[in-house]
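# Observations on the three-dimensional arrangement
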Amino acid sequence: MLGSLTAFTATQKELARAFARSARLHTTDADAIVLIIEAEQRGRPLTPARLAERVGLSPGATSILLGRLEKAGHVERVREGSDRRVVTLRSTTTINAAADAFFEPLHLQLGQALGEFTTEQLALIIRAADNLRTTMETYLRDCESTPKD
């Protein structure tokens with residue numbers, strides 16, 4: 001089972017590289033865009049600091065990355081909410097259209113691949129995937145908080 005999950009993860013990484021090539025982006029830029037879009041879809045937009053943590057860059061390198069993405073018209077830094085000091089990252093309609101064009105055919109194919117499963121089986125798959133993600137996130141936090149020798 002772990003071999004299948006490892007292969008699935010490797011395929012996801014290759015898919016991210018393919019999206020980067022299709023959008024003519026560096027893989028780190030594409031990773032950042034996907035993270036920004038996913039956070040928006042969950043209703044919890046990223047801040048530059050949180051993006052830096054997620055992509056594994058220093059704050060300075062993240063600022064340079066965001067400058068590139070803004071200049072290309074892919075991302076906007078927005079001050080919203082009651083605390084105007086907080087900057088959130090928003091994807092633009094242009095990059096969303098590019099992401100949709102790339103990923104929509106895959107979403108349709110994935111829907112067909114999952115079509116053979118019952119609602120109960122899909123609920124179990126979702127629960128298993130959520131449990132695996134939560135475990136991996138906890139492990140990552142533990143790794144980051146463990147002192148290095």
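Conventions used here
- Residues numbered from 1 in each chain as written.
- Predicted model: local features only at pLDDT ≥ 70, side-chain atom pairs only at ≥ 80, totals over all residues.
- Heavy atoms only, no water.
- Core = buried A, V, L, I, M, F, W, Y, C linked by side-chain atoms within 4.5 Å.
- Buried < 20%, exposed > 50% of the residue type's maximum accessible area, 1.4 Å probe, protein only.
- Helix = DSSP H or I, 4+ residues; strand = E, 2+ residues; numbered from the N terminus.
- Contact = heavy atoms within 4.5 Å.
- Pairing = 2+ DSSP bridges.
- pLDDT = per-residue confidence, 0-100.
- Salt bridge = Lys/Arg side-chain N within 4 Å of Asp/Glu carboxyl O.
- Patch = residues over 30% accessible without salt bridge, like charges linked within 9 Å, V, L, I, M, F, W, Y side chains within 5 Å.
- Areas by Shrake-Rupley, 256 points an atom, 1.4 Å probe, with all protein chains shown as cover.
- Phe/Tyr/Trp six-rings, centres within 6.5 Å; stacked < 30°, edge-to-face > 60°.

Identification of the protein as MarR family transcriptional regulator from Microbispora triticiradicis is taken from an unreviewed UniProt entry.

Attention now moves to the nonpolar core. Counting residues in hydrophobic clusters, the biggest one holds 21 residues, and the most contacted among them are I33, I36, L46, L51, L66, V75 and L89. Elements that contribute at least two residues to this core include exactly α1 (2–22), α2 (27–41), α4 (59–71) and α5 (93–114). Counting residues per element, this core draws most heavily on α2, which supplies seven residues. In contact with I36, not counting residues within four places along its chain, are L46, L51, L66, V75, L89, R90 and S91.

Moving on to the pairing of strand β2 (residues 87–91). Taken across its five residues, β2 has four buried, putting it largely inside the fold. Two elements, strand β1 (residues 75–79) and β2, share five bridges in a ladder whose sense is antiparallel. Considered in β2, the bridge of R79 is made with V87.

A word on the confidence of the model for the protein. Per-residue confidence for the protein averages 90 on the pLDDT scale, and 99% of its residues sit at or above 70. Mean pLDDT values over the elements of the protein span from 88, in α1, up to 95, in α4.

Before going further, it helps to spend a moment on the environment of E104. Relative to the elements of secondary structure, E104 occurs in helix α5. Spatially, the C-alpha atoms of E104 and R90 are 20 Å apart, while their sequence positions differ by 14 residues.

Scanning the model with the defined rule gives eight salt bridges in all. Residue R90 is joined to E40 by a salt bridge in which the shortest nitrogen-to-oxygen separation is 3.8 Å. Taken together, the residues R90 in strand β2 and E40 in helix α2 connect sequence positions 50 residues apart. Classification of E40 by relative accessible area gives buried; the value is 19%. Among the ionic pairs, E137 bridges to R133, the shortest N-O distance being 3.2 Å. Within this pair, E137 and its partner R133 are both found in helix α6 (residues 119–145), separated by four residues, close to a single helical turn.

Moving on, we get to a nonpolar patch on the surface. Where nonpolar side chains cluster on the molecular surface, the patch consists of L114, F117 and I125 and spans about 230 Å² of accessible area. Along the chain, the position of L114 falls in helix α5.

So, on to the packing of aromatic side chains. Inspection of the entire model under this criterion finds three aromatic pairs. For the pair F19 and F102, a centre-to-centre distance of 5.6 Å together with 55° between the ring planes defines the contact as tilted. Here F19 is found in helix α1, whereas its partner F102 is found in helix α5, with 83 residues between them in sequence. Using a relative accessible area of 1% as the deciding quantity, one classes F19 as buried. Measuring from centroid to centroid gives 4.9 Å for F102 and F103, while their planes differ by 85°, and the two rings are edge-to-face. Its relative accessible area of 24% is what places F102 among the partly exposed residues. Members of the aromatic cluster, connected to one another through ring pairs, are F19, F102 and F103.

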